[in-house]
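Understanding the architecture of this molecule
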Amino acid sequence: MKVAVLGAGAFGTALAISLSQTGPVALWAREASHAAEMAARRENARRLPGAPLPEALNISADLARASAAEVLLLAMPMQQMGGFLAAHSTRLDGKILVSCSKGIDLATGQGPIALIEAACPGARAAVLTGPSFAADIARGLPTALTLATRADAPDLQARLSTPTLRLYRTTDTVGAELGGALKNVIAIAAGVVIGAKLGDSARAALMTRGFAEMSRLALKLGARPETLAGLSGFGDLVLTCTSAQSRNFRFGQALGSGAAFDAAITVEGAATARAAMELGLRHGIEMPITAMIAALVGRELSVSDAVSALLSRPLKEE
Ligand SMILES: NC(=O)C1=CN([C@@H]2O[C@H](COP(=O)(O)OP(=O)(O)OC[C@H]3O[C@@H](n4cnc5c(N)ncnc54)[C@H](O)[C@@H]3O)[C@@H](O)[C@H]2O)C=CC1
Ligand SMILES: O=C(CO)COP(=O)(O)O
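What you see is a predicted model; the values in this text were computed from it and never measured.

Once that is clear, we can look at the UniProt feature "active site" (unreviewed entry) in the chain. Residues annotated by UniProt as "active site" (unreviewed entry) correspond here to Lys183. Within the fold, Lys183 resides in helix α8 (residues 173–195). On the basis of relative accessible area, Lys183 is assigned to the buried category, the value being 4%. Setting aside residues no more than four positions away along its own chain, Lys183 makes contact with Lys102, Met214, Asp236, Leu237 and Thr240.

Let us look at the pairing of strand β2 (residues 25–28). Burial of β2 is two-sided: the residues Val25 and Leu27 facing one way and the residues Ala26 and Trp28 facing the other way are all buried. Taken together, the 4 bridges between strand β1 (residues 3–6) and β2 define a ladder with parallel strand orientation. Bridge pairing in β2 links Val3 to Val25. For the handedness criterion, the β-α-β arrangement of β1, helix α1 (residues 10–19) and β2 is classed as right-handed. Of the pairings in the sheet, the one linking β2 to strand β5 (residues 57–60) comprises 4 bridges and is parallel in character. Paired with Ala26 across the two strands is Asn58, which belongs to β5.

If you check UniProt for "binding site: NADPH" (unreviewed entry), the listed places come out as Phe11, Arg30, Lys102, Ala134, Arg247 and Glu268 in our numbering. Of the residues just listed, which span 258 residues, the most distant C-alpha pair is 22.5 Å apart, and they do not cluster in one region. The annotated residues contributing to the lining of the largest pocket are Phe11, Arg30, Lys102, Ala134, Arg247 and Glu268. Within the fold, Arg30 resides in the loop between β2 and α2 (32–41). With respect to the helices and strands, Arg247 occurs in helix α12 (residues 247–257). Its relative accessible area of 38% is what places Arg247 among the partly exposed residues.

Moving on to the packing of aromatic side chains. Summed over all chains, the structure comprises 3 aromatic pairs. Considering the side-chain rings of Trp28 and Phe84, the 5.7 Å spacing of their centres and the 45° angle between planes classify their relative orientation as tilted. Of this pair, Trp28 sits in strand β2 while Phe84 sits in helix α4 (residues 78–92), and the two are 56 residues apart along the sequence. Phe84 shares its class with Trp28; the two are buried. Judged by centre distance (5.3 Å) and plane angle (70°), the rings of Phe251 and Phe261 are edge-to-face. Of this pair, Phe251 sits in helix α12 while Phe261 sits in the loop between α12 and α13 (268–283), and the two are 10 residues apart along the sequence.

Per-residue confidence for the chain gives a mean pLDDT of 97; residues scoring 70 or more make up 100%. We note a pTM of 0.98 for the whole complex and an ipTM of 0.99 for its interfaces.

One open sheet holds the 8 strands; their spatial order is β5-β2-β1-β6-β7-β8-β9-β10, and the pairing between them is mixed. Strand pairing shows two members of the sheet lacking a second neighbour, β5 and β10 (165–170), which therefore form its edges. Between one strand and the next, the sheet's axes are offset by a mean angle of 25°, whatever the strand orientation. Two elements, strand β9 (residues 143–149) and β10, share 6 bridges in a ladder whose sense is parallel. By the bridge assignment for β10, Leu147 is matched with Arg169. Most of the contacts of α4 go to strand β6 (residues 71–74), to which it runs at about 165°, and overall it touches β1, β2, β6 and β7 (96–99). Across the sheet, helix α11 (residues 231–242) lies against β8 (124–129), β9 and β10, angled at about 145° from β9, the strand it touches most.

How each quantity is defined
- Residues numbered from 1 in each chain as written.
- Chains lettered and ligands numbered in written order.
- Predicted model: local features only at pLDDT ≥ 70, side-chain atom pairs only at ≥ 80, totals over all residues.
- Heavy atoms only, no water.
- UniProt positions renumbered as here; feature names shortened; annotations may be inferred.
- Helix = DSSP H or I, 4+ residues; strand = E, 2+ residues; numbered from the N terminus.
- Buried < 20%, exposed > 50% of the residue type's maximum accessible area, 1.4 Å probe, protein only.
- Contact = heavy atoms within 4.5 Å.
- Pairing = 2+ DSSP bridges.
- Right-handed = clockwise from strand over helix to strand, strands pointing away.
- 1 Å grid on protein atoms, 1.4 Å probe; cavity = no way out; pocket = protein on both sides within 12 Å on 5 of 7 lines; lining within 4 Å.
- Phe/Tyr/Trp six-rings, centres within 6.5 Å; stacked < 30°, edge-to-face > 60°.
- pLDDT = per-residue confidence, 0-100.
- Axes fitted to C-alpha atoms, helices over the stretch in contact; angles between N-to-C directions.

See the structure below:
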């Protein structure tokens, strides 16, 4: 099965580099100037500087050519995916479409699998998620991810695994999607805690209560508890809440300390906080941390008011 990565951001580029270890891979960039720059420098200086692009990686701005592959990895920000699928549904239908994005679509309240199935009913939809920074994957550091598909897919698992990228598979698409989406919201909250100098103990409390909140919503929507406890849930929560490599965490730190943050940087948890809060309201699930982050991102609340509101919630059983 031939593989192409659609979206030449940090993550798409890193996955294409890793997959080049097992055969030729196409990497599609939407801007011709970006593709030309990468082809000339053999580096994605805009999104993943310092990572050489192997010979087996074919860079292209021609979507028709790239999407001739059977397996297409969609590696773009979540809020862009619906529009991308709608614009190219005829070309993408019938393929194996693997979403590498983490988030909930704000316009529809849906995750990537539902977006893919709505736009491309003849496609096989999958989600690739879990704890991994693009820079680590590109350097060939060991990484383990979750591949979620509705029907068991050992063939796809084998095709997308590389000597340094170890894939575990599951058929719990709901759990895998929601774990990856919701952990970004909690990572922003962890950043706020650290940025506001509330301490490591407060961060541990926040992560634990955040995990409880993630689990409540995901289980209500049909996820399996073991998925939430696995790589795509707990595993990614730990990574993202504790590493300054995370953009969600750094964005939270800036919110917490009142520092500026570059609006061009992809921060998936910002839009997903609001989408998740709306899902929680619709399904009667309490999500106080998520609601706090949605309000902070929307500048509807100050950091000190947000912290006071969380600390003054009624005392209850764990
Ligand atoms: N960077 C990382 O370490 C990881 C990222 N991810 C996920 O991967 C997804 C993409 O993130 P990054 O690659 O890091 O973002 P990025 O900000 O590095 O790059 C985003 C890329 O998407 C492209 N893009 C934007 N809108 C597009 C559209 N409408 N059509 C086609 N391409 C479009 C941009 O040109 C850009 O190259 C996110 O959902 C993120 O959560 C997941 C795991 C790790
Ligand atoms: O999803 C990630 C790590 O698993 C990347 O996190 P950020 O998007 O916060 O950088």
